[in-house]
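Structural features, examined
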Amino acid sequence: DAGVTQSPTHLIKTRGQQVTLRCSPKSGHDTVSWYQQALGQGPQFIFQYYEEEERQRGNFPDRFSGHQFPNYSSELNVNALLLGDSALYLCASTLWGANYGYTFGSGTRLTVV
Amino acid sequence: GNSVTQMEGPVTLSEEAFLTINCTYTATGYPSLFWYVQYPGEGLQLLLKATKADDKGSNKGFEATYRKETTSFHLEKGSVQVSDSAVYFCALISWDGNNRLAFGKGNQVVVIP
């Protein structure tokens, strides 16, 4: 049973560019959340998608946007990249309304130069 | 709002020593509590969870008890191994319509042979 898969694993972008990260949730899960983890910090919530709609959003600017597809997979888009966007981006999935926690992917390491 | 506080600083200890990592929380309602572990270069793995007061979560020799009266969820292991070296995150979900994970800053644990 495949867990959460993310692609790519590593990415280097130039300041001002745009990037798209992808996530496939664990089989049976319908809710996807994205987190940003800066070096040495805990993950920070970006947003959550369920039924192809953004359900919640953390304290991130509009440069961060997302999408969920009918097969529950999701994309995270970041426009006008800043050096400070360099981080590990984690995708997590769960079943809406369940209380057993989230399953995380291995993340995408984004470096902005 | 919801928040998680972990003890400051890395933890360095010898193999077979006793490990304790403190975690306290602030939350609305009755949250579910989690410990996640992150090995170098990887995403987060759920280590254990507890969903109501006085529940004890356990896995791989690690334990944590949900203490509502002290709003704590301290992680313990009686005899650590070198393979336990990782970063440990305490987290919560408060099921008040805001079902996002809130994380502590994490603790680096280094076990010396």
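Scroll up to find the structure.
Anyway, here's the lowdown on the structure attached to this text. Sequence order as written defines the numbering, with residues in each chain counted from 1. Each chain is given a letter, starting from A, and each ligand a number, starting from 1, according to the order in which they appear as written. For this predicted model, a pLDDT threshold of at least 70 governs which residues receive local features, and a threshold of 80 or more governs which side-chain atom pairs are given and counted, while totals over whole chains, interfaces and linings are taken from all residues. The side-chain quantities take in all heavy atoms of the structure and omit both hydrogens and water.

**Remarks on the side chain of N77 of chain A**
Residue and element names in this part refer to chain A. To qualify as a helix, a DSSP run of H or I must reach at least 4 residues; to qualify as a strand, a run of E must reach at least 2; elements of each kind are numbered from the N terminus. With respect to the helices, strands and loops of the structure, N77 is situated in strand β8 (residues 74–78). Polar contacts involving the side chain of N77 include one to the side chain of T20, which spans 2.6 Å. Throughout, a contact is declared for two residues whenever any of their heavy atoms are within 4.5 Å. N77 has contacts with Q18, V19, T20, R63, F64, S65 and G66, leaving out every residue within four places of it along the chain. Each polar contact in these results corresponds to two N or O atoms within 3.5 Å; when the atoms are within protein, one needs to be able to donate a hydrogen and the other to accept it, and residues that are neighboring in sequence are counted only if both atoms are side-chain atoms.

**Considering the state of the cysteines**
All names here are of chain B. A pair of sulfur atoms, both from cysteines and within 2.5 Å, is called a disulfide here. The full count for this structure, using the stated rule, is 2 disulfides over all chains. Paired through a disulfide, C23 and C90 show a sulfur-sulfur distance of 1.9 Å. In this structure the cystine formed by C23 and C90 twists about its S-S bond by roughly -65 degrees; its chirality is therefore left-handed. Linking C23 in strand β4 (residues 23–26) with C90 in strand β10 (residues 86–94), this pair joins segments that are 67 residues apart in sequence. Here the two residues C23 and C90 agree in accessibility, since each one is buried. Each residue's exposure class comes from its accessible area (1.4 Å probe, protein chains only) as a fraction of the maximum for that residue type: buried when under 20%, exposed when over 50%, partly exposed otherwise.

**Some words on unusual backbone geometry**
Between S7 of chain A and P8 of chain A the backbone carries a cis peptide bond, its omega angle lying at -10 degrees. When you line up the elements, P8 of chain A lands in the loop between β1 (5–7) and β2 (10–13). Even without glycine at this site, A80 of chain A takes up a positive phi of about 50 degrees. Note that A80 of chain A resides in the loop between β8 and β9 (87–94). Judged by relative accessible area, A80 of chain A falls into the partly exposed class, the value being 39%. Even without glycine at this site, E16 of chain B takes up a positive phi of about 75 degrees.

**Concerning the interface of chain B and chain A**
At the interface, 21 residues of chain B touch 22 residues of chain A. Buried area: the accessible surface (1.4 Å probe) lost by two parts on joining, summed over both. Here chain B meets chain A over a buried area of about 1,600 Å², counting both sides, of which 52% is carbon and sulfur. When the buried area of chain B at its contact with chain A is split by residue, L44, N99 and R100 of chain B rank highest and sum to 32% of it. One side-chain nitrogen of Lys or Arg within 4 Å of one carboxyl oxygen of Asp or Glu is enough to make a salt bridge. The tally of links between chain B and chain A comes to 0 salt bridges.

**What about the sheet that holds β1 of chain A?**
Residues and elements named next belong to chain A. With antiparallel pairing, the 4 strands of this open sheet are ordered in space as β1-β3-β8-β7. If you trace the sheet from one side to the other, it starts and ends with β1 and β7 (64–68), each paired once. Each strand axis lies, on average, 20 degrees off the axis of its neighbour in the sheet, ignoring direction. Pairing of strand β3 (residues 19–24) with β8, which is carried by 5 bridges, proceeds in the antiparallel orientation. The partner of V19 across the bridge, within β8, is V78. Being paired, for any two strands, means DSSP has found at least two bridges between them. Only the stretch in contact is used when fitting a helix axis, every axis being a line fitted to C-alpha atoms; angles between N-to-C directions are given from 0 to 180 degrees.

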